[in-house]
Structure formats: structure tokens, C-alpha cells
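Chains, contacts and geometry: an overview
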Amino acid sequence: AKLYEAFEGRVLQIIESEYVYAVDREMLEALRSAAYQFSSDIMHAKIRQGLHAGQKGRLVQLIELVGRLGLIEYGDAVLLHLGSRSHAVRGAAGRALGRMGDSRARTDLEKLLATEDVTHVQVAAIRSLGELGDPSSIGILKQLRVDPAPLVRGEAAYSLARIGRCEYLEEWLVALPKIW
């Protein structure tokens with residue numbers, strides 16, 4: 001958004017400058033559209049480049065941003081990071097996939113849960129399964145209700161409730177004091 005505003009501002013400066021005397025409304029809209037498309041192309045190129053880069057801190061931030069913006073077109077690139085050696089990257093990827101609403105991620109998130117032992121990564125994957133809302137995830141979420149970590153148990157119960165299994169909402173409420 002900031003990049004677009006900068007381009008739009010520059011377009012307006014050009015239009016208002018002494019070099020441009022007569023500009024109609026169509027020309028202004030054409031320039032704004034070109035500025036937006038240019039900034040959008042730059043943004044997407046930077047995202048693609050960043051998702052394939054190896055700098056962990058930047059990668060985590062970029063994955064989080066892609067998730068917050070709901071950029072589902074980067075779902076495949078984010079899916080690859082579920083297998084990262086870094087638990088921070090795996091957790092960010094798990095959170096982003098749920099926020100994007102990419103239903104193709106369900107099986108990969110379930111596979112991650114079957115092998116993951118880092119609590120915050122498990123919680124991110126569980127939350128994403130709840131956000132995706134696919135009833136096919138009920139089986140693994142039920143299994144996680146007996147996990148030794150209270151945070152995992154509570155998140156599993158909450159995700160079950162989000163999927164529509166309201167009987168697990170009370171279980172989640174009981175788990176809350178243990179989580180906090």
C-alpha cells in the first residue's frame with residue numbers, strides 16, 4: 001500500500017508540475033492504474049524472491065505477511081517451508097496457511113502434526129486446521145486432545161469447536177486456566 005501511495009503521489013506531482021498543462025480525467029486514471037500495476041508487479045516479484053531466499057528472520061516476516069494478506073497464490077511456496085529445519089519458519093508457515101485459507105494445505109499440516117515436537121509449531125498447525133474448517137481434520141484434532149502439552153490440548157479443542165464440534169468448546173474452556 002505504501003509503495004502504491006508513493007507512486008500515486010509521484011504521478012500527481014508530475015500532473016501538477018509545469019511540464020504537464022492539460023490532463024484530462026482519463027489520463028489521470030490511466031497514470032494511477034499504471035502506477036498501481038507497476039507497484040503490484042514489484043511487490044509480487046519481491047515476495048517470490050523472498051520466499052525462495054534463505055535468510056531466516058526475513059523469511060519468517062515475509063511468510064507472516066503473505067498469510068496476513070491472504071495471498072493464496074503463494075500457498076505452494078509457503079507449503080515448502082513446513083519442512084524447514086527452523087522451527088520459527090515452520091511455525092510461520094503453519095500460521096500463514098490457515099490465514100490464507102488454502103484448503104490444499106490440510107494434509108500437509110496434518111503430516112506436520114504427526115511428526116512435530118515443538119509446541120508453538122504444533123499450535124500454529126492446529127490453529128490453521130481450525131481456520132480451514134475441514135471436517136476431515138477432526139480425527140487428528142481429537143487425538144491431540146490427550147497431548148501432554150496443555151497448550152496443544154486447548155488449541156485442539158478450540159479448533160474442533162471452530163470446525164463445528166461445539167461439544168469440545170467446554171473442554172477448551174476447562175483447558176484455559178492451564179494454558180494461561
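Comments concerning the overall build of the protein chain
Broken down by element type, the protein chain carries 10 helices and 0 strands. Looking at the protein chain residue by residue over its 180 residues, the buried ones come to 40%. Restricting the contact set of the protein chain to residue pairs at least 6 apart, pairs at least 24 apart contribute 59%.

Description of the packing of helix H7 (residues 119–132) against helix H9 (residues 150–163)
Two elements in contact, H7 and H9, have axes whose closest approach is 8 Å; the angle formed by their N-to-C orientations is 5 degrees. As far as their axial angle goes, H9 and H7 are roughly parallel. Every residue of H9 that contacts H7 at Thr119, Gln122, Val123, Ile126, Arg127, Leu129, Gly130 and Glu131 is listed here: Leu151, Val152, Glu155, Ala156, Ser159, Arg162 and Ile163. Counted by class, the contact of H7 with H9 contains 7 nonpolar, 4 polar and 4 charged residues.

Focus on helix H6 (residues 106–115)
Among the residues of H6, Arg106, Leu109, Glu110, Leu112 and Leu113 are the ones counted as buried. Down the axis of H6, the buried side of the element spans an arc of 155 degrees, and every buried residue falls inside it. Exposed residues on H6 whose side chains face more than 90 degrees from its buried face are Lys111, Ala114 and Thr115. Check the buried side of H6 and you find it contacts helix H5 (87–100), H7 and helix H8 (138–143).

Reading the values: the criteria
Residues numbered from 1 in each chain as written. Predicted model: local features only at pLDDT ≥ 70, side-chain atom pairs only at ≥ 80, totals over all residues. Heavy atoms only, no water. Helix = DSSP H or I, 4+ residues; strand = E, 2+ residues; numbered from the N terminus. Buried < 20%, exposed > 50% of the residue type's maximum accessible area, 1.4 Å probe, protein only. Contact = heavy atoms within 4.5 Å. Axes fitted to C-alpha atoms, helices over the stretch in contact; angles between N-to-C directions. Parallel < 35°, antiparallel > 145°, perpendicular 65-115°, else oblique. Nonpolar A, V, L, I, M, F, W, Y, C, P; charged D, E, K, R; others polar. Arc of directions from axis to C-beta.

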